[in-house]
Amino acid sequence: MKIGLFGYGKMGKMIEQIAQDRGHTIVAKIDDPSQEADYTSMDVAIDFSTPEAAFDNITNCFRNKVPVISGTTGWLDNYSEAIKICEDNKSAFIYASNFSLGVNIFFELNKHLATMMAELEQYKVSMEEIHHTQKLDAPSGTAITLAEGIIENSPYKKWELDKSGDKIIPIKSIREGTVPGTHSIAYDSPVDRIEIKHEAHNREGFALGAVIASEWIQEKVGIFSMKDVLNLS
Ligand SMILES: NC(=O)C1=CN([C@@H]2O[C@H](COP(=O)(O)OP(=O)(O)OC[C@H]3O[C@@H](n4cnc5c(N)ncnc54)[C@H](OP(=O)(O)O)[C@@H]3O)[C@@H](O)[C@H]2O)C=CC1
Ligand SMILES: O=C(O)C1=N[C@H](C(=O)O)C[C@H](O)C1
């Protein structure tokens, strides 16, 4: 498979290594808006760029009929517009706030726990995410997906950064050293605490998930998720 990388930072470089180990070829490394992309050389594009760059990178690929795997976080205000451009061009897309198998299992666990806790008013939920100091967005995309999973399955209505209140999920974002990504969800009552946590040891799980998604999307048209790729129910 011929892969175009949009974003050649920490994740782009890790993806290059894993993709080559799995027999794929990197045909482009776009790390700057002034670089011209040769879309005809790509079977798939993998975008791990910046919140500012992601929308243009992704939609230019759709217009050139190149399917896209995107893990960039912090650009989702423009998600619906990107979906429309994908559909209009009969292209294919997977966005995931987190491509690792472990976090995708954790997403399902979180929804199941939220359902179990939904009627237990003595428990109050809160969330914490810890990432390296270079991270541009807060809260993390993964924390937002986790909060959405709770909102879909409980009386909670929205999330807020560093703010609690009625039917609000408070999210605390910590930026510390080189931490690859830690997410925890806690339910506190006056007598106890239930906590679930996912801790990435490095970036390999994110990168492997993105490469597996790019293999999976070949010859497909439409909008998909990591749940489709991993066959999680
Ligand atoms: N979904 C997931 O599983 C994961 C998602 N992420 C997300 O992926 C994104 C990238 O993470 P990471 O690799 O750690 O970040 P980095 O900052 O290490 O890499 C981003 C790269 O994108 C480059 N860039 C800037 N502008 C453009 C542009 N117009 N087109 C293409 N590339 C551009 C940056 O260049 P320069 O430095 O010169 O600006 C930089 O090299 C972040 O949004 C992060 O949150 C990260 C890990 C896992
Ligand atoms: O910026 C990162 O590093 C990460 N970003 C993603 C997020 O915002 O959730 C995924 C992972 O936690 C690492």
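Residues numbered from 1 in each chain as written. Chains lettered and ligands numbered in written order. Predicted model: local features only at pLDDT ≥ 70, side-chain atom pairs only at ≥ 80, totals over all residues. Heavy atoms only, no water.

With respect to the site of ligand 1
Consideration 1: Among the 22 residues in the neighbourhood of ligand 1, the closest are listed as Lys-10, Met-11, Asp-31, Thr-73 and Phe-99.
Consideration 2: The separation between a nitrogen atom of ligand 1 and a polar side-chain atom of Asn-57 is 3.2 Å.
Consideration 3: Between ligand 1 and Phe-99, the relevant distance is 2.9 Å, taken from an oxygen atom to a main-chain nitrogen or oxygen of the residue.
Consideration 4: Starting from 910 Å² of accessible surface for ligand 1 in isolation, the protein chains cover 75%.
Consideration 5: Split into classes, the residues belonging to the shell around ligand 1 amount to nine nonpolar, 10 polar and three charged. (Near = heavy atom within 4 Å. Polar contact = N/O pair within 3.5 Å; in protein donor to acceptor, adjacent residues only side chain to side chain. Areas by Shrake-Rupley, 256 points an atom, 1.4 Å probe, with all protein chains shown as cover. Nonpolar A, V, L, I, M, F, W, Y, C, P; charged D, E, K, R; others polar.)

Notes on the site of ligand 2
Consideration 1: Ligand 2 sits among Thr-73, Ser-97, Asn-98, His-131, His-132, Lys-135, Ser-140, Gly-141, Thr-142, Pro-180, His-183 and Phe-206.
Consideration 2: Separating an oxygen atom of ligand 2 from a side-chain N or O atom of Thr-73 is a distance of 3.5 Å.
Consideration 3: Gly-141 places a polar main-chain atom, nitrogen or oxygen, 2.8 Å from an oxygen atom of ligand 2.
Consideration 4: For ligand 2, whose accessible area on its own is 320 Å², the fraction buried by protein is 86%.
Consideration 5: Residues belonging to the shell around ligand 2 are distributed by class as follows: two nonpolar, nine polar and one charged.
Consideration 6: There are two domains that each give the shell around ligand 2 at least three residues, and those are domain 1 (2-99 + 204-230) and domain 2 (101-201). (Domains from an automatic or database assignment.)

Looking at the UniProt feature "active site" (unreviewed entry) in the protein chain
Consideration 1: Here, UniProt's "active site" (unreviewed entry) annotation points to His-131 and Lys-135.
Consideration 2: Of the residues examined, His-131 reaches a relative accessible area of 7% and is grouped as buried.
Consideration 3: Aside from chain neighbours lying at most four places away, what touches His-131 is Ser-140, Ile-174, Arg-175, Glu-176, Val-179, Pro-180, Gly-181 and His-183.
Consideration 4: For His-131, the side chain forms a polar contact with the side chain of Glu-129, separated by 2.7 Å. (UniProt positions renumbered as here; feature names shortened; annotations may be inferred. Buried < 20%, exposed > 50% of the residue type's maximum accessible area, 1.4 Å probe, protein only. Contact = heavy atoms within 4.5 Å.)

Structural notes on the packing of helix α1 (residues 10-21) against helix α6 (residues 204-216)
Each pair of packed helices can be summarised by the angle the axes make with each other and by the distance between the axes.
Consideration 1: In contact at an axis separation of 9 Å, α1 and α6 are set at 60° when each is read in the N-to-C sense. Classified by the angle between their axes, α1 and α6 sit oblique to one another. As for the relative orientation of α1 and α6, their crossing is right-handed in sense. Residues Met-11, Met-14, Ile-15, Ile-18 and Ala-19 of α1 form the contact with α6, whose participating residues are Glu-204, Phe-206, Ala-207, Leu-208, Ala-210 and Val-211.
Consideration 2: For the contact of α1 with α6, the per-class residue count stands at 10 nonpolar, no polar and one charged. (Axes fitted to C-alpha atoms, helices over the stretch in contact; angles between N-to-C directions. Helix = DSSP H or I, 4+ residues; strand = E, 2+ residues; numbered from the N terminus. Parallel < 35°, antiparallel > 145°, perpendicular 65-115°, else oblique. Left-handed = near helix turned anticlockwise from the far one by under 90°.)

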